[in-house]
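Descriptive structure summary
The residues making up each chain are set out below.
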Protein chains: 2
Amino acid sequence: MALTAAQHRVVTAATQLFARHGVGGTSLQMIADELGVTKAAVYHQYKSKDDIVLAAASAELARLRTVVESATTRDELLAGMVDLAVAGRRTAGRMLNDPVVVASFAHDKKFREVMHKMRALLLGDDHSRGAQVRVAMLVAAISGAVMHPFVIDLPDETLRRELLALANRLID
Amino acid sequence: MALTAAQHRVVTAATQLFARHGVGGTSLQMIADELGVTKAAVYHQYKSKDDIVLAAASAELARLRTVVESATTRDELLAGMVDLAVAGRRTAGRMLNDPVVVASFAHDKKFREVMHKMRALLLGDDHSRGAQVRVAMLVAAISGAVMHPFVIDLPDETLRRELLALANRLID
DNA sequence: GTCTATAGTGCGATAGAC
DNA sequence: GTCTATCGCACTATAGAC
């Protein structure tokens, strides 16, 4: 889990490229070129492309986890989620929608724990199916809206403010 | 725009595979195998992979366009959008989030027209930046929520009902 | 930690027969 | 409309020197 400096560079470059071209559309050559090194140097850090995908996805999940676990109120959580999404609007956001990444998360224990804690903080004791749809919709709305062509030119702060207001409306 | 029967088969198979593996993660061999033919037979219908991506994306946009243009009230539009998303929850939904597809749509004239009409019907004369964020968030929420791991086991009708209620709450 | 060099595979795409 | 066969290339991944 603790990344070396070189591993961190690989994951950062990979995350940006995954967002721009998709996971399947990103080659190790592209990652190496982005870093100004050869493919072999990248392979020295991760022994396969799958490992890089996993590391990049895990790094994003860890960020979300930090937000969820450091929040003590619903308002804090919503603000943290919006901040995270806005910060990654050009990079991480799209990657988390990639079919390959989604499939690897769907049954991941940590992912489910984070989502469970999120639902508990947002909706309390409500365990109905409606509550699940509501959490799913909130997550999708926040992470999806930041990448929509319609808002691509909005400054971060404007986007943040509007998203937060709407997120509150959705969950109230 | 009018597809032959063979072209329709190619686009249908491609859409399913794009949703499962991403655009970049889907090869022409996979599409050919899905159809039980050879790559050359697929190439006879479309002269490049890009053309297939474009045709699949256009078909989805055309569906959305039909919904938007046949709706006369806000409620009709929301219901149509939810129905479309639920119908394609296993196929089209994910494809429309692919970076390659999104990039091709961002400056597409028809796409922008559809989005414009959508905003007009949802929010009337409100042309503020907030209104744009609201439309972006609504689209993202509906199309993203149907694919979230949390709701993957919900029956279509339950998902439809919950989504519609929440969509109304977001736009009211 | 990075390099050169290379193996082996699958890719997108084309030619031409049926 | 589908086939067989093939081209040239880019891909993932590895070996071994520095």
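In the block above lies the structure referred to throughout.
All values reported here derive from a predicted model rather than from experimental measurement. (Residues numbered from 1 in each chain as written. Chains lettered and ligands numbered in written order. Predicted model: local features only at pLDDT ≥ 70, side-chain atom pairs only at ≥ 80, totals over all residues. Heavy atoms only, no water.)

In this section: the protein's contact with DNA strand C. Surveying the vicinity of DNA strand C reveals 18 residues, the closest of which are A:Thr38, A:His44, B:Leu28, B:Tyr43 and B:Lys49. Between DNA strand C and B:Tyr43 there is a distance of 3.0 Å, counted from a phosphate oxygen to a side-chain nitrogen or oxygen. Residue assignment for the surface near DNA strand C shows that the elements contributing at least two residues are α1 (5-21) and α3 (39-45) of chain A together with α2 (28-35) and α3 (39-45) of chain B. It is α3(A) that provides the largest number of residues to the surface near DNA strand C, a total of four residues. The class makeup of the residues in the surface near DNA strand C is seven nonpolar, seven polar and four charged. (Near = heavy atom within 4 Å. Polar contact = N/O pair within 3.5 Å; in protein donor to acceptor, adjacent residues only side chain to side chain. Helix = DSSP H or I, 4+ residues; strand = E, 2+ residues; numbered from the N terminus. Nonpolar A, V, L, I, M, F, W, Y, C, P; charged D, E, K, R; others polar.)

The next point concerns the protein's contact with DNA strand D. The full set close to DNA strand D counts 18 residues, and A:Leu28, A:Lys39, A:Tyr43, A:Lys49 and B:Thr38 are the nearest of them. With respect to DNA strand D, the backbone of A:Leu28 contributes an N or O atom lying 2.9 Å from a phosphate oxygen. Here A:Lys49 contributes a backbone N or O atom positioned 2.8 Å from a phosphate oxygen of DNA strand D. Of the residues in the surface near DNA strand D, the class split is seven nonpolar, seven polar and four charged.

Compared with the 24 Å implied by 1.5 Å per residue over 17 residues, the 24 Å span of helix α1 (residues 5-21) of chain B between its first and last C-alpha is a close match. The set of residues buried in α1(B) consists of B:Gln7, B:Val10, B:Val11, B:Ala13, B:Ala14, B:Thr15, B:Leu17, B:Phe18 and B:Ala19. Buried residues belonging to α1(B) abut α7 (99-106) of chain A together with α2, α3, α4 (49-70) and α6 (92-95) of chain B. Looking one or two residues beyond α1(B), the residue adopting positive phi is B:Gly22, at roughly 80°. (Expected span 1.5 Å × (residues − 1). Buried < 20%, exposed > 50% of the residue type's maximum accessible area, 1.4 Å probe, protein only. Contact = heavy atoms within 4.5 Å.)

Another aspect to go through is the pattern of salt bridges. Pairing between side chains of opposite charge can happen when their charged atoms approach one another. Counting across every chain of the model gives 16 salt bridges over all chains. Residue B:Arg74 is joined to B:Asp172 by a salt bridge in which the shortest nitrogen-to-oxygen separation is 2.8 Å. Highlighted residues: B:Arg74 in helix α5 (residues 74-87) and B:Asp172 in the segment after α10 (156-171), separated in sequence by 98 residues. Look at the salt bridges and you will find they share partners, linking A:Arg65, A:Glu69 and A:Glu113 into a network. (Salt bridge = Lys/Arg side-chain N within 4 Å of Asp/Glu carboxyl O.)

The interface is formed by 44 residues belonging to chain A together with 44 residues belonging to chain B. In terms of surface lost to chain B, no three residues of chain A exceed A:Met137, A:Phe150 and A:Arg169, which account for 19% of the buried area on that side. Taken together, chain A and chain B are joined by zero salt bridges. For the pair chain A and chain B, the number of links is two residue pairs in polar contact (both at pLDDT 80 or more). Of all the secondary-structure elements, those providing two or more residues to the side of chain A that touches chain B are α1, α7, α8 (109-123), α9 (129-145) and α10 (156-171) of chain A. A total of 14 residues in the side of chain A that touches chain B trace back to one element, the largest contributor, which is α9(A). By residue class, the composition of the side of chain A that touches chain B is 26 nonpolar, eleven polar and seven charged. (Buried area = accessible area lost by both parts, 1.4 Å probe.)

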